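# Observations on chain architecture
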Amino acid sequence: MTGEIFRDAWGIPHLRAGDAVELARLQGRVTALDRAWQLETERHRAQGTSASFLGPEALPWDRLARRVRLADTARRCLAELDRRDPETGQWLRAYVEGVNEGLAAPGASPSPVPGPVPVPGPVPVPGPATTFEPAAAPEFARVALTPGRWEPWTPLAVWLSTHILFAGFPAKLWRERVVECLGRDAVGLFAADGPGTSGSNGWLVAGERTVTGRAVIAGDPHRFIEDPGVYQQIHLSCPEFDVVGIAVPGVPGIAHFGHTGSVAWAITNAMADYQDLYREQLRRTGAGVEALGPDGVWHRAARHTETIEVAGEDPVEVEVIETDRGPVIIGGPEGLEDGVSEPGAPPVALALRYPPRVTGDLGFGALLPLLRARRVADVDRAVDLWAEPVNVVQAADTEGGTLHRVAGRVPVRAEANRIRPVPAWEPGHDWQGWHEPPRAGLTDGVAVMANQRGPAAPLGVEFAAPHRADRIAALLARRERWSAAEMPALHADTHLASAAVLLDHVAVLDDLTGPAAGLRDRLLDWDRHMDADSTGAALYAAVRGALVRQLARHSAFARLATPPACPEVFQPWLALVPRIGYALEHLLTAKDLYGIDRPAAVRAALEEVAARPPAGTWGDTHRLAPWRAVAPTTPYDEPALSGDHDCVLSTSSVPGLTDLAARGPAARYVWDLARREDSRWVVPFGASGVPDSPHHRDQLPLWLAGGLIPVVTDWDGLRREDVVRGGGGGEGGGRGTHEETDGLDELQEETDV
């Protein structure tokens, strides 16, 4: 295998090869060396086989993955990619070959010892049971898992698995429930960025507003924080291109955040609605299953069964049904799996229609053109090929060009489809082509996107509240000229504008007990910044949580308090307390709230907290709670966090339920178009997914403090990896055979902390 792996002082891989195909192979290999456990976890999740080693807790996801046909859709998309774009198909296969080589490399893969393999599954993995060298991910040994083989379609399946819930189609189940319980007008009360979606901040400052005369792009994608992280800092170089960016482990290239030297791009979630749920009428026949179509005719549905192996329990059989609309993901001919249905109601069966299943296209044809881009026009043409998920793209180049547009595929269909499940047997709910992606310009040399109603407004239903976007725009307006080095201050801003509504209610309360009056005065004196060391923020969060619980207990919401029977994986979208927590502003400002005495509820919340106030600061309870497929043998003391859901520093708790933060900035970046080497980036943990690596959590202190590390592009400033092993790249965790500490202290001094 040709090509070279280099590392900077943070273990970030910098790859150089003779052509794009060999570079893809090298990217796959180094990703497997750094993230073997993560890659295998994602592969199994995409296949619906994760319960085979994670146990029954993973079964709800595996059942969804099978029923929604993730793996089969990925195979379809690969076949279509090969037909339309064989060059990208070859490039994708090279990446997969590299992954398989990396998984088999010493130190990244298991060392065999005699014994049987306790890892059953639809695609059995042959081989002996395993022990591991110290550099290998210890999680493999703990669950007795042997790395399997990636197929050419696996990266597409991983991408689908990562984004199938990204557009939040389960929110349609919630809206349906709200209409049933409170009526159609109540839907708008809960229209807020819900607990199951992901967002981002992103802003573009044109050259007319920078000290260098060239643009700066900055931002941070908000996702569930996972360990290992969902993003991978990487540098890809060959004679065709030289790109630094943030990749998704398991997917070749750099899809979302990249800088080629002459052009840079970044994305935010457009909050578009592009997935539909159809209520199906199904019946069994001697030949299988039929579904009633909008033409009044029963049509044959595809049907088969699959077996999910579950560690420690008996296998589970899953019936997979697909109608002309799409895969049936909830219920079936007899209703839900557990037989629970509303008395007298027809059996529940809901099918999901989503673009990649319809078109066989995920948009991977955009990946190579993005790497080859030189100007914003190139980025623009590349993202014309994008499909899933739907994003707002911002780009700028060294010639002064800028781009601000939506990219992705959104179907044209009836308005009812966008709100709630629609009846498959009624006409008027089919798809009628695709929306033209909207475009937007800049205002005073600036474009800001933070999932608010922006250029994608015609394509969506629910958007994030405008607080983050308004705050970023207001901060940028304070200065006529900005530099790349000044951008991290915006990333770390903790002002909570959404606190105003609740504090306005608190301000007018009278006849309070002495402790409650004192609490009111402290809240009104608070600076409205959700800083980890703030006692005022802790008090505000406590009162907010108490109020959310007060409202959730009210009889007006009694029916909503009991979610309808549906698969466990969708329950977070149907839980009342989080819904009230995220929609609190709307509920407090609505003209009427079903007879609820809101001043009385606020008073009760204030008195409750005054009687038992929090003893410490916001950071005492607002702590990082990352998702891990397997808990570490020695639990980490996860750090205190600043920020909150509506802050620019969006570290999301669930008001009324927990102050722990499972979502937050999964990366931060600043792309400087004047000098790429002045760009900066950071991830929550580190470049390596191996717990024993020195680069597993070395970026965490910077991430917590709002700091960024330099983007290194000078090959002379890197260390060539002479010995490829596991643990974040090379002997010594990513520095080849060279010494461990040389230059690290100096590099840390250059960061923005």
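Look up a bit, the structure's there.
For the structure given in this document, a descriptive report is provided here.

Reading guide: rules and limits
- Residues numbered from 1 in each chain as written.
- Predicted model: local features only at pLDDT ≥ 70, side-chain atom pairs only at ≥ 80, totals over all residues.
- Heavy atoms only, no water.
- Helix = DSSP H or I, 4+ residues; strand = E, 2+ residues; numbered from the N terminus.
- Buried < 20%, exposed > 50% of the residue type's maximum accessible area, 1.4 Å probe, protein only.
- Contact = heavy atoms within 4.5 Å.
- Areas by Shrake-Rupley, 256 points an atom, 1.4 Å probe, with all protein chains shown as cover.
- Axes fitted to C-alpha atoms, helices over the stretch in contact; angles between N-to-C directions.
- Parallel < 35°, antiparallel > 145°, perpendicular 65-115°, else oblique.
- Nonpolar A, V, L, I, M, F, W, Y, C, P; charged D, E, K, R; others polar.
- Pairing = 2+ DSSP bridges.

## Focus on the overall build of the chain
Along the chain, the regular secondary structure elements total 26 helices and 27 strands. Buried positions account for 63% of the 753 residues belonging to the chain. Of the contacts formed within the chain by residues at least 6 apart in sequence, a portion of 69% connects residues at least 24 apart. Accessible surface computed for the chain: about 27,000 Å², of which carbon and sulfur atoms make up 51%.

## Things to note about the packing of helix H1 (residues 20-47) against helix H7 (residues 154-163)
Contact pair H1 / H7: the axes reach a minimum separation of 8 Å and the direction vectors enclose 80°. Viewed along their axes, H1 and H7 adopt a mutual orientation that is roughly perpendicular. Residues Glu42, Arg43, Arg45 and Ala46 of H1 pack against Thr154, Ala157, Val158, Ser161 and Thr162 of H7. When its residues are assigned to classes, the contact of H1 with H7 shows 3 nonpolar, 3 polar and 3 charged.

## Let's talk about unusual backbone geometry
The omega angle of the peptide bond from aspartate 227 to proline 228 is 5°, so this bond is cis rather than trans. For the bond from glutamate 388 to proline 389, the omega torsion is -5°, close enough to zero to count as cis. Of note, arginine 69 is a non-glycine position whose phi angle comes to about 65°, a positive value. Looking at where arginine 69 falls in the secondary structure, it is placed in the loop between helix H3 (59-68) and helix H4 (70-84). For arginine 69, a relative accessible area of 17% gives the class buried. Even without a glycine there, the phi angle at asparagine 451 is positive, about 70°.

## Digging into the sheet that holds strand E19 (residues 402-407)
Strand order in the open sheet formed by 9 strands is E19-E18-E10-E9-E8-E7-E2-E1-E27, with mixed pairing between adjacent strands. On the outer flanks of this sheet lie E19 and strand E27 (719-720), each paired with one strand and no other. Sheet topology note: the strand E18 (residues 391-397)/E19 ladder contains 6 bridges and is antiparallel. Residue glutamine 394 lies in a different strand from E19, and its bridge partner there is histidine 404. Contacts from H1 reach strand E1 (4-7), strand E2 (13-16), strand E7 (232-238) and strand E8 (241-247) within the one sheet, and its direction differs from that of E7 by about 155°.

## Observations regarding the sheet that holds strand E15 (residues 316-322)
If you walk across this open sheet you meet the 4 strands as E12-E13-E14-E15, and the pairing is antiparallel. Whereas interior strands pair on both sides, the edge strands pair on one side only; in this sheet they are strand E12 (282-285) and E15. Going across the sheet, the axis of each strand differs from the next one's by a mean of 35°, ignoring polarity. Sheet topology note: the strand E14 (residues 298-308)/E15 ladder contains 7 bridges and is antiparallel. The partner of threonine 307 across the bridge, within E15, is glutamate 317. Each of E14 and E15 touches H3; the most contacted strand, E15, lies at about 35° to it.

## Description of the environment of glycine 335
Tracing the chain through its elements places glycine 335 in the loop between strand E16 (328-331) and strand E17 (349-353). Using a relative accessible area of 8% as the deciding quantity, one classes glycine 335 as buried. For glycine 335 and proline 347, which are 12 residues apart along the polypeptide, the C-alpha to C-alpha distance reads 4.1 Å.

## Describing the environment of serine 237
Topologically, serine 237 is positioned in strand E7. Overall, serine 237 belongs to the buried group, its relative accessible area being 8%. Along the backbone, serine 237 and histidine 14 are 223 residues apart, and their C-alpha atoms lie at a distance of 7.9 Å. Contacts of serine 237, omitting those with residues within four sequence positions, involve Leu15, Arg16, Ala17, Leu23, Asp242 and Trp715.

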